[in-house]
Amino acid sequence: MSQEVARHRRSVGGHVGIIITAVDETWSLRQTVDTLLSENSEAIAEIMIGIASHTTPGCRAVVAALEAAYPDRVRHHEQSRLSGAGGANRECIPLMRSPWLLIMAADLETHPGTVVSMISRAGMGDVDIVSTSRWLGGGRFGNYSPVKRVCNWLFQRFFSVLYRAHLTDMTFGFRLYRARELSRYEWHETGHAFFFEALVKPLRCGARVAEIATHWQGRREGTTHMRTSGYLGYFRIGLLTRVQPVRGLLVPRGNASCTR
């Protein structure tokens, strides 16, 4: 590790909280947490694993084992009010104590080895969100159908132009945020479209976003809970957020603007 990278990582050392949603993952969840803590031990203060009523017994057993192995840093939250992956994140966010929050999945589609670079980039101090991209040079798709890849590229191009953002992957829910960027807005999505909503609303408010490359590999364990009909939510929230008055995006606190 270069001295510059080490310096940037130290600047956010001990200040990163991670939210992981898990339903039916076992060995991939364990590998995710073990990798995170072995490679970023000094930077990570807490890991919250969001589980739901339909989380499998095998997954719950792994969560309990991780809590026993890392009692000072790993805990779980049983999803109760909201459904879906987005709902799990929305319930976990206010329970976190760290000034930086990273959201990711338990299935290794969000590559835990990328977190080293995400923390380093955040430590430079000039961004509010570090987003990952499968499209940047050095990024990669694995086990992704050609049709889905074309559709994904067209979607990314359309909304990057619409939001005047130099971003290449606006839908991938693998990001590191200043915690305030996840507490300022009214969230509406509970499914996977939440991960898009959690980028376009901060963009409308002038959040500084940097992208770094990541490798994506289709899950090798568990079942995807994303349905084709869910993609409509991406278009709805993307178009609505672009035209909605800014004050309507914020949590009601008397704020009429995005003054930072």
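A short tour of the structure in this document, coming up. (Residues numbered from 1 in each chain as written. Predicted model: local features only at pLDDT ≥ 70, side-chain atom pairs only at ≥ 80, totals over all residues. Heavy atoms only, no water.)

## Focus on the environment of G50
Thought 1: With respect to the helices and strands, the residue G50 is situated in strand β2 (residues 44-51).
Thought 2: Judged by relative accessible area, G50 falls into the buried class, the value being 3%.
Thought 3: Residues G50 and H76, spaced 26 residues apart in sequence, show a C-alpha to C-alpha distance of 5.7 Å.
Thought 4: Filtering out sequence-adjacent residues up to four positions away, G50 remains in contact with I20, T21, A22, H77 and C92. (Helix = DSSP H or I, 4+ residues; strand = E, 2+ residues; numbered from the N terminus. Buried < 20%, exposed > 50% of the residue type's maximum accessible area, 1.4 Å probe, protein only. Contact = heavy atoms within 4.5 Å.)

## Remarks on the packing of helix α6 (residues 146-162) against helix α8 (residues 231-243)
Thought 1: Contact geometry of α6 with α8 gives a least axis separation of 11 Å together with a crossing angle of 10 degrees. One way to sum up the angle between α6 and α8 is to call them roughly parallel. Touching K148, F155, F158, F159 and L162 of α6 are Y231, Y234, F235, G238, L239 and R242, all from α8.
Thought 2: Tallied by class, the residues present in the contact of α6 with α8 amount to 8 nonpolar, 1 polar and 2 charged. (Axes fitted to C-alpha atoms, helices over the stretch in contact; angles between N-to-C directions. Parallel < 35°, antiparallel > 145°, perpendicular 65-115°, else oblique. Nonpolar A, V, L, I, M, F, W, Y, C, P; charged D, E, K, R; others polar.)

## Considerations on α6
Thought 1: Taking 1.5 Å of rise per residue, the 17 residues of α6 would be expected to cover 24 Å, and the 24 Å separating its terminal C-alpha atoms lies within 8% of that figure.
Thought 2: Along α6, the positions that sit buried rather than exposed are N152, F155, Q156, F159 and S160. All buried residues of α6 project into a common sector of 120 degrees when viewed along the axis, lining one side. Away from its buried face by more than 90 degrees, α6 exposes P146, V147, V150 and V161. (Expected span 1.5 Å × (residues − 1). Arc of directions from axis to C-beta.)

In short, shape yes, function no, at least from these values alone.
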